[in-house]
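Spelled out from the first residue to the last, the chains are:
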Amino acid sequence: MKRRAVFAGVVSVALLSSSLVTSLGPTANAAGTLKIGVSLSLTGDFADSGTAAQKGYLLWQSEVNKKGGILGRKVSIKIVNDASSPDQVVTNYTNLITQSKVDIVMGPFSSLLTIPASRVAKRYGYSFIEPAGGGPKVFLEKNPNLFFVQPAATTKGGDIFADYILSLPAAQRPKTAAYVKLDDPFAAPLADNIKARFEAAGIKTVYDQTYPSETADMTPVISGVATANPDVVVGGTQNADAFAQVKAMIQLKLNPKFLFLSNGANAPVEFPKQIGIKNTEGIFTSADWYPQSTVPGSAAFIKAYIAMYKGTAEDIDPTSAEAFSAGTLLELVAKKTGKIDNKTIIATLHKGSWPTLVGNLSWNAYGEPQGAYLLTEWIGGHLKTVYPAATAQHAPVIPKPAWVG
Amino acid sequence: MASGQTLIFGIMKVINLAQGAFVIVASYLTFTLFQWTGLNPFLLIIVTTPILFALGAATQWFLLRPLRPSDAAELSLLVTFAVALGLEGALSVVYKTTLRSVQPGWENHSWTIKGYQVNEVRFYAFLLSIAMLAILYLVLAKTKFGRSVRATVQNPMSAQLLGVNSKAVSAFGFGLGVSTTAAAGAVFGLITPFNPGSHYDLISRLLTIVVLGGMGAIGGSVIAALIMGIGAALVASLSAPIWADFSFFVVLLLVLLLRPRGLFGAKVRGAL
């Protein structure tokens, strides 16, 4: 009984102090170090991308501190691991705001985690600049504190592929299509958008299936695609399933004329490692930032990245550039307004256009960016922009060359 | 994988929630040894099997043996789950969380037979699992250790009275069950990209197979694995992939409702 009473007392004190901390609100740290809190998937399904985002955030922290911080305040980013869990991400952001008393929070990886995380930020009146949650459900939250740091909603990441395919002469255009989608708020709607465009243009759907995230072996799914024998395969993918889809296609000797993978294929290091660099040839994906980008600041970003993490420009995951850009936005707001608090960030970002590594960003009322992605293709072992023509580094390679096994 | 799991249950009545994590450990060991030596991953099983055996025996000796017999069944669930989390954490520190796969260069090769593609790795894996089962059978049926194991399964008290060192048998039995993950891990690493968290997806399937086959029935686990594997593949390709994993749990529920001892499980005592 005594133990229970002590336990109840401790819990009560903890709850009381937690509510007191909460009542202090987002302006608790008005001066001194600018504390920023981020929850990232450093383990679990999104670990690769979470780690890439971590690199981007930490690189920005290092670079901004070299310049004296923001408005003279040193930047300190606290990153905690959510293990790719939507439950843990809520706990993490609640703790960052109420216990760690960070001044600002920025986003996790994936729409799945961004949605619950952004609700926490909104509840406490925090701005929520986030680099990697752009599925439609994110914007259906109607959260005016949220700003997605990519050129467009990720479900529009395939629009550029649809634009390209529909721009082809009738003789080159595919007649049949298959859609293989991960059950995920980002991946499946992206493929569905392409499907709607293709069907409206007369490209017949011969296969359309969604698989759960636990699917490790894609062979049964790709067997269904192989039976349908489509001209174009659209994969609504994240990382691991994109690798598994390609492996299954190689094993089943399914080589469509066009293959588009929404995510995974844009991982410059992991994708060729997992499927073999020669097998990457002719695979399409979309991108916002790429190593050859001529956007102002890109060369300096690459130089700083290599200095901090070694490797080459080709090793840089776009997610790192997106996370870096999320930090850049804070610098830009501070520079423009002379202030760095949540209300100012929210009010300021809703106006005008903001230059970042991933393009000039502007948002609608609920944080959906209003730009467009670029179409990239693996050519000669590198990702190259191929469409639209104005920004293309190379002509598209079609039809897709055969697998090399 | 499943035969090892069911063996562990048969001997010790322990549901080993770390069996999937041991598979991932084996995948990483194969990955590392392949990076170092370039040898055929199937050959590397000869090296990884004793390592996994030692890991399994150590787990039983240091973590499960000290449990009070009256609480052992329940607490072993927690202990083995903790082992799984510990292994996941250790692998995350050593290997980071990047996806890895074992790539000898022929992992995606297939034979075309009458229009169907037969993946070479899966074919060799099939042969390997038959070989593993044959070895398990020989060990259990033809050796003194095997007789001790069977005696312990059938009646632990009588076995002890007849001079069987049940503590040693339990540790060796657990080690033997875990050692089967060496082969499973090599194949898993060849077939699919993995990271330290990949064991969660394995363990649910594994438990379903063991329940369907009958807890403790090695032959039953083989039949159950075939039924579940083929069943899930058929559901995925003929119906919808989204139902493939669900079908595992439908089967699990039906078995628990209609035939709780599984297809080949004994009514009262374990059967091997």
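Starting afresh in each chain, residues are numbered from 1 along the sequence in its written order. All chains are assigned letters beginning with A, and all ligands numbers beginning with 1, in the order in which they are written. Whole-chain, interface and lining totals are the exception, using all residues; otherwise, since this is a predicted model, local features are given only for residues with pLDDT of at least 70 and side-chain atom pairs are given and counted only at 80 or more.

Strands here mean DSSP runs of E at least two residues long; helices mean DSSP runs of H or I at least four residues long; both are numbered from the N terminus. A tally of helices and strands in chain A yields 13 helices and 14 strands. Only C-alpha atoms enter the radius of gyration; for comparison, a globular chain is expected to reach 2.2 Å times N to the power 0.38, where N is the number of residues. Scaling as 2.2 N^0.38, a compact globule of 405 residues should have a C-alpha radius of gyration of about 22 Å, and chain A matches this with 22 Å. With the principal axes as the frame, chain A shows a C-alpha extent of 70 × 55 × 40 Å. Burial is judged by counting other C-beta atoms within 10 Å of a residue's own C-beta: 20 or more means buried, 12 or fewer means exposed, and anything between counts as partly exposed, with every C-beta placed from the backbone. Within chain A, the proportion of its 405 residues that are buried is 54%. A separation of at least 24 residues holds for 71% of the contacts in chain A among residues at least 6 apart in sequence. Here, residues touch in the contact sense if the C-beta positions derived from the backbone fall within 7 Å of one another.

A separate point is the nonpolar core. A set of buried residues qualifies as a nonpolar core if it consists of Ala, Val, Leu, Ile, Met, Phe, Trp, Tyr and Cys joined through C-beta atoms within 7 Å. One finds V105, F161 and I222 of chain A together with F22, V25 and A26 of chain B to be the most contacted residues of the largest nonpolar core, which totals 199 residues. A per-element tally of this core places helix α8 (residues 166–191) of chain B first, with 14 residues. Here this core gathers at least three residues from each of two domains, domain 1 (28–155 + 295–361) and domain 2 (167–291 + 374–391) of chain A. The residues contacting V105 of chain A, other than those within four sequence positions of it, are G37, V38, Y93, L96, I97, A121, Y126 and F128 of chain A. What fixes the domain bounds is an automatic or database domain assignment.

For the rest of this paragraph, the subject is the interface of chain B and chain A. Contacts between the two partners involve 25 residues from chain B and, on the opposite side, 32 residues from chain A. Looking at the side of chain B that touches chain A, the elements that each hand over two or more residues are β2 (116–119), α10 (218–239) and α11 (241–258) of chain B. By residue number, the principal contributor to the side of chain B that touches chain A is α11 of chain B, which donates 4 residues. The residue makeup of the side of chain B that touches chain A, split by class, is 10 nonpolar, 13 polar and 2 charged. Each residue is assigned to one of three groups, with Ala, Val, Leu, Ile, Met, Phe, Trp, Tyr, Cys and Pro labelled nonpolar, Asp, Glu, Lys and Arg labelled charged, and all others, Gly among them, labelled polar.

With that settled, the discussion passes to unusual backbone geometry. Residue and element names in this part refer to chain A. Cis geometry is adopted by the peptide bond preceding P388, which originates at Y387 and carries an omega value of 0 degrees. Mapped onto the elements of the fold, P388 is located in the segment after β14 (382–387). Going from I398 to P399, the amide bond is cis rather than trans, its omega being -10 degrees. Structurally, P399 is set in the segment after β14. Look at A83: it is not a glycine, yet its phi comes out positive at around 55 degrees. Mapped onto the fold, A83 is located in the loop between β2 (75–81) and α3 (86–98).

Residues and elements named next belong to chain B. Strand pairing is assigned whenever DSSP identifies at least 2 bridges connecting the two strands. The pairing of strand β1 (residues 110–113) with β2 spans 4 bridges and is classified as antiparallel. If you follow T112 over to β2, its bridge partner there is Q117. The hairpin formed by β1 and β2 contains 2 residues between the paired strands, and K114 there has a positive phi angle of roughly 50 degrees.

A few words on the sheet that holds strand β6 (residues 176–182) of chain A. All names here are of chain A. One open sheet accounts for 7 strands, arranged β7-β6-β8-β9-β10-β13-β14; its pairing is mixed. Two strands lie at the open edges of the sheet, namely β7 (204–211) and β14, each paired on one side alone. Taking the axes of each pair of neighbouring strands and ignoring which way they run, one obtains an average angle of 25 degrees across the sheet. Direction of pairing for strand β10 (residues 283–287) relative to strand β13 (residues 374–379): antiparallel, over a ladder of 4 bridges. Paired with S286 across the bridge in β13 is L375. To get an axis, a line is fitted to the C-alpha atoms, and for a helix only the part in contact is used. The angle between two axes follows their N-to-C directions and goes from 0 to 180 degrees. Across the sheet, helix α8 (residues 219–228) lies against β6, β7 and β8 (232–236), angled at about 175 degrees from β7, the strand it touches most.

Quick look at α3 of chain A now. All names here are of chain A. For α3, with 13 residues, the first-to-last C-alpha span of 19 Å sits near the 18 Å given by 1.5 Å per residue. By the burial criterion, the buried members of α3 are V89, N92, Y93, L96 and I97. Buried residues of α3 fall within an arc of 120 degrees about the axis and therefore sit on the same side. In this analysis, the expected span of each helix is defined as 1.5 Å times one less than the number of residues it contains. Along the arc lie the directions from the helix axis toward the C-beta atoms.

A word on the environment of Y28 of chain B. All names here are of chain B. Structurally, Y28 is set in helix α2 (residues 19–37). Among the residues examined, Y28 registers 22 C-beta atoms within 10 Å and is labelled buried. Separated by 73 residues in the primary sequence, Y28 and S101 have C-alpha atoms spaced 8.6 Å apart. Discounting chain neighbours no more than four positions away, the residues touching Y28 are L91 and Y95.

It is worth spelling out the pairing of β2 of chain A at this point. Across the two faces of β2 of chain A the burial differs, with V75, I77, I79 and N81 of chain A buried and S76, K78 and V80 of chain A not buried at all. On the question of chirality, the crossover connecting strand β1 (residues 34–40) of chain A to the parallel β2 of chain A by way of helix α2 (residues 47–66) of chain A is right-handed. Seen with its strands pointing away from the viewer, a crossover is right-handed if its path from the first strand over the helix to the second goes clockwise.

Residues S148, V149, T152 and V153 of chain B constitute the buried set of helix α6 (residues 144–154) of chain B. What you see down the axis of α6 of chain B is that its buried residues fit within an arc of 135 degrees, all on one side.

Here we come to the domain arrangement of chain A. Residue and element names in this part refer to chain A. The domains assigned to chain A are domain 1 (28–155 + 295–361) and domain 2 (167–291 + 374–391). Spacing between the C-alpha centres of domain 1 and domain 2 amounts to 28 Å. Each partner contributes residues to the interface: domain 1 has 26 residues there, and domain 2 has 19 residues. Of all the secondary-structure elements, those providing two or more residues to the side of domain 1 that touches domain 2 are α2, α4 (111–123), α5 (136–140) and α12 (318–337). For the side of domain 1 that touches domain 2, the element with the most residues is α12, which contributes 3 residues.

All names here are of chain B. Packing of helix α3 (residues 41–64) against helix α4 (residues 72–95) brings their axes to within 11 Å, and their N-to-C directions diverge by 125 degrees. Judged by the angle between their axes, α3 and α4 are oblique. Note that α3 runs across α4; the crossing there is right-handed. Judged by residue contacts, T59, L63 and L64 of α3 engage S76, V79 and V83 from α4. Residues that form the contact of α3 with α4 fall into these classes: 4 nonpolar, 2 polar and no charged. Any angle that falls under 35 degrees is termed roughly parallel, while one over 145 is termed roughly antiparallel, one within 65 to 115 roughly perpendicular, and all others oblique. In this scheme the crossing of two helices becomes right-handed for a clockwise turn of the near helix relative to the far one and left-handed for an anticlockwise turn of less than a right angle.

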